[in-house]
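One-letter residues, chain by chain:
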Amino acid sequence: MYAYAIRSIYTSDFYGFTRVTKSDECVTKVPYFHNKRDAEKFASFLTHCTHTPQLYEYEETASPKEYVKKYSIYRLPDTFLRLMLGMSGIGYHECIIQDGSVYCTKTGILDIPSTVRGTVMESTYNCKVQDDIDIL
């Protein structure tokens, strides 16, 4: 199954919500949708916001294609998206739009130990260095 996440056209960052927990920990979660039309509707809503809205503030817009001014819709296999976010310590909100409201059906952060993240990053770096050497 595929996930559709929203990205700014000005950066490579996914749109996400950041909050500070009671223990002063900063938590970021990226909303994604399984239906591309829902992702387009939410991105179009974001285009009209002057502040960073919460999911419950969603309102329908006149055109679901207005998002192209500021956002793009990024398609990935949902398990890969959650893994990619988990490798960065970022969580996710799996969402749907139903009857004009956004509902979060699943939320979480994949708990990937820092040793695993380090090993993956190191092996990725070593592959890149080896590729650069082979090119020379």
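As the structure is a prediction and not an experimental result, all values here were calculated from the model.

Before going further, it helps to spend a moment on the overall build of the protein. Check the secondary structure of the protein and you find three helices and six strands. Listing the helices and strands of the protein from first to last along the sequence gives β-β-β-α-β-α-β-β-α. Considering the protein as a whole, with its 136 residues, one finds that 37% of them fall into the buried category. Of all intrachain contacts in the protein linking residues separated by at least 6 positions in sequence, the fraction that spans at least 24 positions is 64%. As displayed, the protein offers around 8700 Å² of accessible surface, 54% of which is attributable to carbon and sulfur atoms.

Along the chain, the position of Asp78 falls in helix α2 (residues 78-87). Judged by its relative accessible area of 11%, Asp78 falls in the buried class.

Attention shifts here to the packing of aromatic side chains. Applying the stated criterion across every chain, the model contains nine aromatic pairs. Between Tyr15 and Phe42 the ring centres are 6.4 Å apart and the planes differ by 65°, which places this aromatic pair in the edge-to-face class. Highlighted residues: Tyr15 in the loop between β1 (2-8) and β2 (17-20) and Phe42 in helix α1 (residues 36-48), separated in sequence by 27 residues. Like Phe42, Tyr15 is buried. Grouping aromatic residues by their ring pairs yields a cluster made of Tyr15, Phe17, Phe33, Phe42, Phe45, Tyr58 and Tyr71. In this structure, Arg75 is placed above the aromatic ring of Tyr2, and the distance from its NZ or CZ to the ring centre is 3.6 Å.

What counts and how
Residues numbered from 1 in each chain as written. Predicted model: local features only at pLDDT ≥ 70, side-chain atom pairs only at ≥ 80, totals over all residues. Heavy atoms only, no water. Helix = DSSP H or I, 4+ residues; strand = E, 2+ residues; numbered from the N terminus. Buried < 20%, exposed > 50% of the residue type's maximum accessible area, 1.4 Å probe, protein only. Contact = heavy atoms within 4.5 Å. Areas by Shrake-Rupley, 256 points an atom, 1.4 Å probe, with all protein chains shown as cover. Phe/Tyr/Trp six-rings, centres within 6.5 Å; stacked < 30°, edge-to-face > 60°. Lys NZ or Arg CZ within 6 Å of the ring centre and 35° of its normal.

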